[in-house]
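Coordinates in review
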Amino acid sequence: MFALEPGWNPSGLSDEQASLILKTHGPNTPMAERPLAPLWMLWGAIANPFNILLTILAIVNAATQQIPTFVVMMAMVFASTGLRYWQELKSTIQAVNLIKSVTTNTRVLRHRSSGSEELEIDQRNVVPGDIIAVTSGDVFPGDCVLITAEAITITQASLTGEMMPIEKTVRLVAPRPGETLDLLNNDNVCLAGTSVVTGNGRALVVSTGKDTYMASIASELSKRRPDNATQIGIKKVSYVLIGFMSVMSPIVFIVQGAVSKNWKNAITFAIAVAVGITPEMLPMIVTSNLALSAVRVARKKVIVKRFDAIQNLGAVQILCSDKTGTLTADLVRISMSTTGTGDLSQLPIKLAYINSSLQTGSRSPIDYAIVDFVNESEQDIVTDIPGDGWVKQGEVPFDSSRRLLSVLVSRPGGDGSDGLLITKGAVEEVLDRCVSAYNHQLSPSSDASQLLGLNISPSMASMLTSDERRKILNTAQCLNGEGLRLVAVACREQLIKPFMTISTSDESELTFIGFIGLLDPLKPDAAQAIKDLAALNVQVRILTGDAPAVAAKVARDLGLIPSRQHSSTAENKNENEKDVEASSSFKGEEGLILTGVQLAALADDQDAYKDAIDRCIIFAKLSPYQKLEVVKALRAGDGGRTVAFLGDGVNDALAIRGADVGISVDSGTDIAKEAADVILLEKSLGVVAVGVIEGRITLINTLKYIKMATSSNFGNIFSVLVASAWLPYQPMLSLQLLVQNLLYDFSQASIPWDNIDPEYLVAPKTWGARSIIRFMVCMGPISSPFDITTFCINWFHYGIRTLDNPLVTRAQTNWFLEGSLTQLFIIHFLRTGKLPFIQSRASAPVVFTTFGIAGIAIAIPYMPKVNTALSLTPPEPMFYAYLVAMIAGYALVVHVAKTFYQLAFKEWL
């Protein structure tokens, strides 16, 4: 599995050897610390479908001498590209600095002529063949093999999701024939990124940098990322616009050329129509929306590395989350203290406190949890545990083979010979050394000398029969099923003699006292964040490498799966073993939990596989690749769903990368942060719900623009077709049409700041090409009857019926004004499904912008030089009366059509 570095020595490498190996293998740099690639980021900002579409149209305009149109369109491309590039570059630099802000040193052995010397070096300079010294809190700089170990335990939560430390030992025997190597659960292998919890030892570094297990996962991140929901939606919308241009432009060219006989002008006008269909400001509006939301969430201490992530958050239908460190605090805490039958009792925690507080070996997280719980408890647990009363007389330290820790103490108030041996450890190991069980149901002695109310006389303890042992084990199994990790507590009275020592042989004939239940508590805001997400119609799934029972406990506490009732006494369980089985697999949880082994077994049955993925809430004991497969299956299900993944470990990196939105936290592993689109600088899950709301605001405002712009442009083109077939002159010059479109687009530059009706925020929303087409086709042509009315006024009232009529510029001015003002005022009707100004009001920036641009549109025909350049002329005052009537009529028709549209399609934006 590992290729050992030739020349390694138990006393360490020499400086010359280490330097040579460093040149060969390179620095021990994590894959996540890749150099910044600004040019690649710039290309990513440029290669936007809308940018490409506008660039092609701009080039066509330049080829046909339409230089002003070319300049305007390229200005939109440069502005949107520059804003997107700057914002993403700034966020990425911030994320890279966050990763590089932590420098870790490692203690290594160096071989000298005088012997072995221990020195501290930068982790980046550790090489294969190095011997490192580790103790509590140290992080393994590479994949290592233990060569010495003293009661060493490590945490692999970042790799496996398991909260509890894993025991590691030195393995001196070769694998048995047929034995499968489990890299994560091997006795003596410690992988890069894991850390020591207790104990100390020395390890041989066998691989560093790109050759580590962690790097093998990181290498997957360099592969091309699949398109997310926003990218897929934008592509579809781009194809729709290209399709419309491909159909409409040739039709306009043929009709206009046939009527006017001027084919050169017909080409120019057909190009203008293609430009008119395309919302020139779309890249700018999208980028402005995303930038504004990025600024908003940045105030919540969130780094947005990819702009698309904000819109994707708004479209998220399923949030997949790792458990350890994301939903839970990644800490060991006391949950309960119980008897062997499951009844609550303070006696086990009191004895465990004496054991943990007086032991002098390496304190484990369990010891810290017990001491902290008693010291911080609001109950009077410590009132009868005098801090200076109990004196330690002896200790048998913890070791991984016994899985026990015993402390011999003398009782306070005595002559020092009346001792108590307190043992705590793994349930089965403690039970194997017990001969009796303490009877908590009998009243404790009132004798003041019997401190803690503890009297281990035959009258207060019963023989530990096989039935009693089975009851205790059933209780332990039930509590394990509730997601609790258990520590058993036992004791016995022992006479203390001068200068006596105790050993493992003294751990016998014990009296069983009870259990200490431990768990990884939920983060304080986790439950509320889940409720907030549920209110936003976002489903939550738990994907973890931890045990199913532990994950189920978290899910029940969060309300993701139904709570279950379990019997508190072993007697009730024994009455009917079938009832016990039913209790341990409560029907409310049936079919909601799936393990990695079960998932792998379904791989050949795709229908069953998809059904299980859609049905289950909890996915436990998953490998990193299985997490990715679950995310992919959720994305592919139900016609395509938007999925986010929240995680902080190495085992989460692939799933983070494969989701539509990858989310990590600042305390996560470097690989997780590298793979993420969004990094939370504070471990507050509530920020995720805020991000979903911001994403929906961004997406809804963007959809407002594209639906209004495409429907308006489509209506204009529809009117142009009618005019081309009827009027002997161009109803509007190509430059006039471009200016009208720009006025409309600039009026919507304030859309990112618009208010959103609350009902649009309660459900996920995504780019829907079908919805946009339907809106464009249904609402766009409504403006055409009013455009045709303007043509009729020009034809019948003003008598403009020939190409050489000197009043042709007035006809074009009239339609310019009518088209511009109806488009501008109708924004307030199209931005909401409600009655504007009364039931739903636009934001102040939108109101000021639309009315301000309307004033500019009215003023343009009166502005010297500008009106000449655009071939516009001041209209007759009488035309304004027609204009007011048409605007009012248009608003009324749009509102009626909007009502019927919502009744028919059950949507608006």
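Residues numbered from 1 in each chain as written. Predicted model: local features only at pLDDT ≥ 70, side-chain atom pairs only at ≥ 80, totals over all residues. Heavy atoms only, no water.

**Considerations on the overall build of the chain**
Convention followed: In DSSP terms, a helix is any run of H or I states spanning at least four residues, a strand is any run of E spanning at least two, and both are numbered starting from the N terminus. Summary of the burial criterion: residues with accessible area below 20% of their type's maximum are buried, those above 50% are exposed, and those between are partly exposed, where the area comes from a 1.4 Å probe applied to protein chains only. Note on contacts: a residue pair qualifies if any of its non-hydrogen atoms lie within 4.5 Å across the two residues. Per-residue and other accessible areas follow the Shrake-Rupley method at a 1.4 Å probe size, with only the shown protein chains counted as cover for residues.
Per the secondary structure count, the chain includes 31 helices and 23 strands. Residues classed as buried in the chain amount to 55% of the 909 residues present. When contacts within the chain are restricted to residue pairs at least 6 apart in sequence, long-range pairs at least 24 apart make up 75% of them. Summed over all atoms, the accessible surface of the chain reaches about 37700 Å², with 59% contributed by carbon and sulfur.

**Observations concerning the packing of helix α25 (residues 734-747) against helix α28 (residues 808-830)**
Here is the rule: Between the N-to-C directions of two axes lies an angle of 0 to 180 degrees, each axis being a line fitted to C-alpha atoms and, for a helix, fitted only over the stretch in contact. Between 65 and 115 degrees an angle is taken as roughly perpendicular, under 35 as roughly parallel, over 145 as roughly antiparallel, and anywhere else as oblique. By definition, turning the near helix anticlockwise from the far helix through less than a right angle yields a left-handed crossing, and turning it clockwise yields a right-handed one. Each residue gets one label: Ala, Val, Leu, Ile, Met, Phe, Trp, Tyr, Cys and Pro are nonpolar, Asp, Glu, Lys and Arg are charged, and the others, such as Gly, are polar.
Between α25 and α28, whose axes approach to 10 Å, the crossing angle comes to 15°. The pairing of α25 with α28 is recorded here as roughly parallel in orientation. Note that α25 runs across α28; the crossing there is right-handed. Contact residues: α25 offers Q736, V739, Q740, L743, Y744 and S747, while α28 offers Q812, W815, F816, G819, S820, Q823, L824 and I827. Class assignment for the residues of the contact of α25 with α28 results in seven nonpolar, seven polar and no charged.

**Notes on the nonpolar core**
Put simply, the rule reads: Nonpolar cores were defined as sets of buried Ala, Val, Leu, Ile, Met, Phe, Trp, Tyr and Cys residues, with membership established by side-chain atoms within 4.5 Å.
Core analysis: the biggest nonpolar cluster contains 66 residues, and M779, F816, L830, V894 and W908 have the highest contact counts within it. For this core, the element with the most residues is α28, which contributes 11 residues. If we skip the residues at most four places from it in the chain, M779 touches S711, L830, V894, A897, K898, Y901 and W908. In terms of nonpolar packing, the next biggest core, distinct from the first, is built from 63 residues, A58, A291, A552 and I617 among them.

**Remarks on the packing of aromatic side chains**
As a reminder, the rule being used: Note on aromatic pairs: the rings of Phe, Tyr and Trp (six-membered ring only in Trp) are paired at centre separations within 6.5 Å, and the planes decide the class, stacked below 30 degrees, edge-to-face beyond 60, tilted for the rest.
For the coordinates displayed, the defined rule picks out 10 aromatic pairs. Here the aromatic rings of W726 and F791 are separated by 6.5 Å at their centres, their planes lie at 75°, and the arrangement is edge-to-face. One end of the pair, W726, is in helix α24 (residues 686-726); the other, F791, is in helix α27 (residues 784-797), with 65 residues separating them in the sequence. Its relative accessible area of 29% is what places W726 among the partly exposed residues. Given a relative accessible area of 1%, F791 falls into the buried group. Plain terms: the ring middles of F786 and Y890 are 5.3 Å apart, the flat faces sit at 45° to each other, and that makes the pair tilted. With a gap of 104 residues between them, F786 in helix α27 and Y890 in helix α31 (residues 877-905) connect regions that are remote in the sequence. Comparing F786 with Y890, the two get one shared label, buried.

**Re helix α21 (residues 624-636)**
Worth spelling out the cut-off: What a helix is expected to span follows from its residue count: subtract one and scale by 1.5 Å.
Its 13 residues place the ends of α21 19 Å apart at the C-alpha level, agreeing with the 18 Å of an ideal helix rising 1.5 Å per residue. Every buried residue of α21 is accounted for by P624, Q626, K627, L628, V630, V631, A633, L634 and R635.

**Structural notes on the confidence of the model for the chain**
So the rule is basically this: The quantity called pLDDT is the predictor's confidence in a given residue, expressed from 0 to 100.
Averaged over the chain, the pLDDT score is 81; the fraction of residues at 70 or greater is 85%. Note that residues 445-451 has pLDDT below 50 and, in this model, nine contacts with residues that lie over four places away or in other chains. Here residues 566-588 is modelled with pLDDT under 50, and outside its nearest four sequence neighbours on either side it reaches 32 contacts, counting other chains as well.

**Considering unusual backbone geometry**
The phi torsion at E509 lies on the positive side, around 55°, for a residue other than glycine. Note on placement: E509 falls in the loop between β16 (485-495) and β17 (510-519). Of note, K865 is a non-glycine position whose phi angle comes to about 70°, a positive value.

**Description of the pairing of strand β1 (residues 105-112)**
Note the threshold: DSSP bridges decide pairing: two strands pair if at least two such bridges lie between them.
Looking at chain direction, β1 and strand β2 (residues 115-122) are connected through eight bridges and run antiparallel. Bridge pairing links R110 to E117 in β2. Following β1, the chain reverses through two residues before pairing antiparallel with β2.

**Topic: the sheet that holds strand β18 (residues 539-543)**
Reading across from one edge, β8-β23-β22-β21-β9-β18-β20-β19 is the order of the eight strands in this open sheet, with mixed pairing throughout. The open sheet has two edge strands, β8 (302-304) and β19 (593-595), and neither has a second partner. Ignoring which end each strand starts from, the neighbouring axes of this sheet average 20° apart. Across three bridges, the pairing between β19 and strand β20 (residues 618-620) is parallel. Bridging from a neighbouring strand, L594 pairs with F619 of β20.

**Observations concerning the side chain of S345**
Going by this rule: Polar contacts, as counted here, are pairs of nitrogen or oxygen atoms within 3.5 Å of one another; within protein the pair requires one atom able to donate a hydrogen and one able to accept it, and residues that are adjacent in sequence qualify only if both atoms are side-chain atoms.
With respect to the helices, strands and loops of the structure, S345 is situated in the loop between β10 (333-338) and α11 (347-358). A polar contact is formed between the side chain of S345 and the backbone nitrogen of L347, at a distance of 3.2 Å. Apart from residues no more than four positions distant in its own chain, S345 is found in contact with S337, T338, T339 and H440.

**Quick word on the pattern of salt bridges**
Here is the rule we go by: Here, a salt bridge means any Lys or Arg side-chain nitrogen found within 4 Å of an Asp or Glu carboxyl oxygen.
Evaluated as defined, the whole model comprises 31 salt bridges. Three or more residues joined by partner-sharing salt bridges are found here, namely D15, R110, R112, E117 and D130.

**What to know about a nonpolar patch on the surface**
Test applied: Within this analysis, patches are made of residues with over 30% relative accessible area and no salt bridge. Like charges are joined at 9 Å or less; nonpolar side chains (Val, Leu, Ile, Met, Phe, Trp, Tyr) at 5 Å or less.
Together, L39, W40, L42, W43 and I46 give the surface a local cluster of nonpolar side chains, amounting to about 600 Å² of exposed area. Mapped onto the elements, W40 comes out in helix α2 (residues 38-46). Overall, the relative accessible area of 65% leaves W40 in the exposed class.

**So, the environment of L479**
By the element assignment, L479 lies in helix α14 (residues 466-481). Look at L479 and you get buried, because its relative accessible area is 5%. Sequence separation between L479 and F515 is 36 residues, and the spatial gap between their C-alpha atoms is 9.6 Å. If near-sequence neighbours (up to four positions away) are discounted, L479 is found in contact with M336, T338, L484, L486 and F515.

**Looking at the packing of α28 against α31**
α31 packs onto α28 with a crossing angle of 35° between their chain directions and a minimal axis gap of 10 Å. Judged by the twist between their axes, the crossing of α28 over α31 is right-handed. For the pair α28 and α31, contact is made by N814, L817, E818, L821, T822, F825, I826, F829 and L830 and by F879, Y880, L883, M886, I887, Y890, A891, V894, H895 and K898, respectively. When its residues are assigned to classes, the contact of α28 with α31 shows 14 nonpolar, three polar and two charged.

**What to know about the environment of P68**
By the secondary structure assignment, P68 is in helix α4 (residues 67-100). Taking the C-alpha atoms as reference points, P68 and L738, 670 residues apart in sequence, are found 9.4 Å from one another.

**Re the pairing of β16**
Burial of β16 is extensive: eight of the 11 residues sit out of reach of the surface. In this structure, β16 lies alongside β17, joined through seven bridges in antiparallel fashion. Counted as the bridge partner of V489 is G514 from β17.

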